Amino acid sequence: MKIESRLAQIGSISEPVTGAVSFPIYQATAFRHPKLGQSTGFDYSRTKNPTRSVLEQAIAELESGDAGFACSSGMAALQTIFALFSQGDHLLVSLDLYGGTYRLIEKIMSRFGVTATYVDTNDLDALEANCTAATKAVVIETPTNPLMMITDLELICNWAKKKGLVSIVDNTLLTPFLQRPIELGADIVVHSATKYLGGHNDVLAGLIVTKGKELSEQMAFLHNSIGAVLNPQDSWLLMRGMKTLAIRMERHEFNATKIAEHLLEHPLVDSVYYPALKSHPGHDIQNKQSSGNTGIFSFKMKDARMIEPILRHIKLIAFAESLGGVESLMTYPAVQTHADIPVEIREKVGVDDRLLRFSVGIEHVDDLIADLNAAFEAAHAELQEGGAR
Ligand SMILES: Cc1ncc(COP(=O)(O)O)c(C=O)c1O
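Criteria and thresholds
Residues numbered from 1 in each chain as written. Predicted model: local features only at pLDDT ≥ 70, side-chain atom pairs only at ≥ 80, totals over all residues. Heavy atoms only, no water. Helix = DSSP H or I, 4+ residues; strand = E, 2+ residues; numbered from the N terminus. Rg over C-alpha atoms; globule rule 2.2 N^0.38 Å. Buried < 20%, exposed > 50% of the residue type's maximum accessible area, 1.4 Å probe, protein only. Areas by Shrake-Rupley, 256 points an atom, 1.4 Å probe, with all protein chains shown as cover. Lys, Arg positive; Asp, Glu negative; His and termini not counted. Charge placed at Lys NZ, Arg CZ, Asp CG, Glu CD. Phe/Tyr/Trp six-rings, centres within 6.5 Å; stacked < 30°, edge-to-face > 60°. Pairing = 2+ DSSP bridges. Contact = heavy atoms within 4.5 Å. Axes fitted to C-alpha atoms, helices over the stretch in contact; angles between N-to-C directions. Near = heavy atom within 4 Å. Polar contact = N/O pair within 3.5 Å; in protein donor to acceptor, adjacent residues only side chain to side chain.

Help me understand the overall build of the protein, please; the structure alone is not making it clear to me.
What the protein contains, in helices and strands, is 14 helices and twelve strands. Here the protein has a C-alpha radius of gyration of 22 Å; the compact-globule value for 389 residues is 21 Å, and the two agree. Each principal axis of the C-alpha atoms in the protein carries an extent, and together these give about 85 × 50 × 35 Å. The proportion of buried residues among the 389 residues of the protein is 56%. Element-wise, carbon and sulfur atoms account for 54% of the exposed surface of the protein, whose accessible area totals about 16,700 Å². For the protein, the centre of its 35 positive side-chain charges and the centre of its 46 negative side-chain charges are spaced 5 Å apart.

This is the structure we're talking about:
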């Protein structure tokens, strides 16, 4: 069955008693045992909850994995995954990545003796040079947040396999509708489901998908032992959002491409980072390994002084700190999502004070372009007035 149909039907054929088309919310933490030594399959909701199980089966199947695990946030999912590692272990991690993942590794995992080296995960020589006897995994974001760097998943996951490393791919920006890393060789996929999967800026959630019996059993143990699991209400809300993922992603991509092309020609804009553009260095790899593009891109203004007034003048587009929802949001990574990355590292990869990240929603593209144009004009006029004074 095509992925659009599988998405729309999540949970709708799993409820055998009433035939409910929307799977019920099992708001229970404990389940009666029929008798000593017997279980209905559900004992305690941290371990397993019927509503969460439907979501977990759905994401495992959508990502072509063996097991799915729903967590209370994307960070909870990443922390659960990183609990696979022990003192002395080393990770190879994408150079450009979500600031919270960097913070988790550098400020928390480091206290447990897990270290990381940040490399361009598309550069096999750099990966090879930094891979030591202690290296256990490669952690990849593709596209990266916020610079949209692309990693050739097949190439790197195969390399990781030969080295005996676990490959972990953050698939938040593309979702299984557009890219399925496990089919390209990854062992673990992680999502901030708060983003496109939920899709409405109203549910915080994380998802993990594992491939292989051993990893799936290890993850089930960690998921239950750490306990950062998703509650039944949010499991239901996330499934409700996922049902419309396909049509939302198509509209996000359509809008983002039009606006990125518009900004590429704009005299006040220095550069646009969006893999759908032919000029993007990762364009061909992106086309090879995914069936479309995300709705997010970043762009750099020529003048950093434009940033503050632009964020003040956008009206339809909200100045807010997330991505992947139906409402358009604009973020300033240097002071928001990536503030925890030291300035010298941030600027080395290009996350500087001229960069804005735009999560393009599903509003009409003409309205979004009009809002941007008006904000740019107002910001430019203020700068000129300031200069003339
Ligand atoms: C790529 C990526 N991974 C992980 C996370 C963390 O997810 P959450 O905010 O749901 O904890 C984010 C959040 O922005 C993200 O963008």
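Would you mind going over the packing of aromatic side chains with me for this structure?
Aromatic ring pairs: the centre-centre distance and the angle between the two ring planes describe each pair. Here the structure, examined in full by the defined rule, presents seven aromatic pairs. Plain terms: the ring middles of Phe 31 and Phe 42 are 5.8 Å apart, the flat faces sit at 45° to each other, and that makes the pair tilted. Of the two residues, Phe 31 sits in the loop between helix H1 (3–8) and helix H2 (50–62) while Phe 42 sits in the loop between H1 and H2, which places them eleven residues apart along the sequence. Considered together, Phe 31 and Phe 42 belong to a single accessibility category, that of buried residues. For the ring pair Phe 297 and Phe 299, a centre distance of 6.1 Å and an interplane angle of 50° mean the geometry is tilted. Each member of the pair Phe 297 and Phe 299 is classed as buried.

Would you take a moment to explain the sheet that holds strand E12 (residues 355–359) for this structure?
Strand pairs in the sheet, formed through backbone hydrogen bonds, run parallel or antiparallel to each other. Taken together, the five strands give an open sheet; going across it, the order is E8-E9-E12-E11-E10, and neighbouring strands pair in mixed fashion. Pairing within the sheet leaves two strands with one partner each, and these edge strands are strand E8 (269–273) and strand E10 (318–319). Pairing of strand E11 (residues 329–331) with E12, which is carried by three bridges, proceeds in the antiparallel orientation. Of the residues in E12, the one forming a bridge with Leu 329 is Ser 359. This element, helix H10 (residues 245–264), spans E8, strand E9 (296–301) and E12 of the sheet and lies at about 15° to E9.

How should the site of the ligand be read in this particular structure?
As a structural note, the neighbourhood of the ligand is formed by 13 residues, with Met 75, Asp 170, Ser 192, Thr 194 and Lys 195 the closest of them. Between Gly 74 and the ligand, the recorded distance is 2.9 Å, taken from a backbone N or O atom to an oxygen atom. Here a nitrogen atom of the ligand and a side-chain polar atom of Asp 170 are 2.7 Å apart. When the ligand sits alone it has 390 Å² of accessible area, and the protein chains cover 91% of it. A total of three residues in the shell around the ligand trace back to one element, the largest contributor, which is helix H3 (residues 74–82).

Where do I start with H3 in this structure?
An α-helical turn contains 3.6 residues, so a residue and the one three or four places further along point in the same direction. H3 sits mainly inside the fold: seven of its nine residues count as buried. Where H3 is concerned, the buried positions are Gly 74, Ala 76, Ala 77, Leu 78, Thr 80, Ile 81 and Phe 82. By the N-cap criterion, in which a side-chain oxygen at the helix start approaches the backbone nitrogen of a residue two or three places on, H3 is capped by Ser 73, the distance to Met 75 being 3.3 Å.

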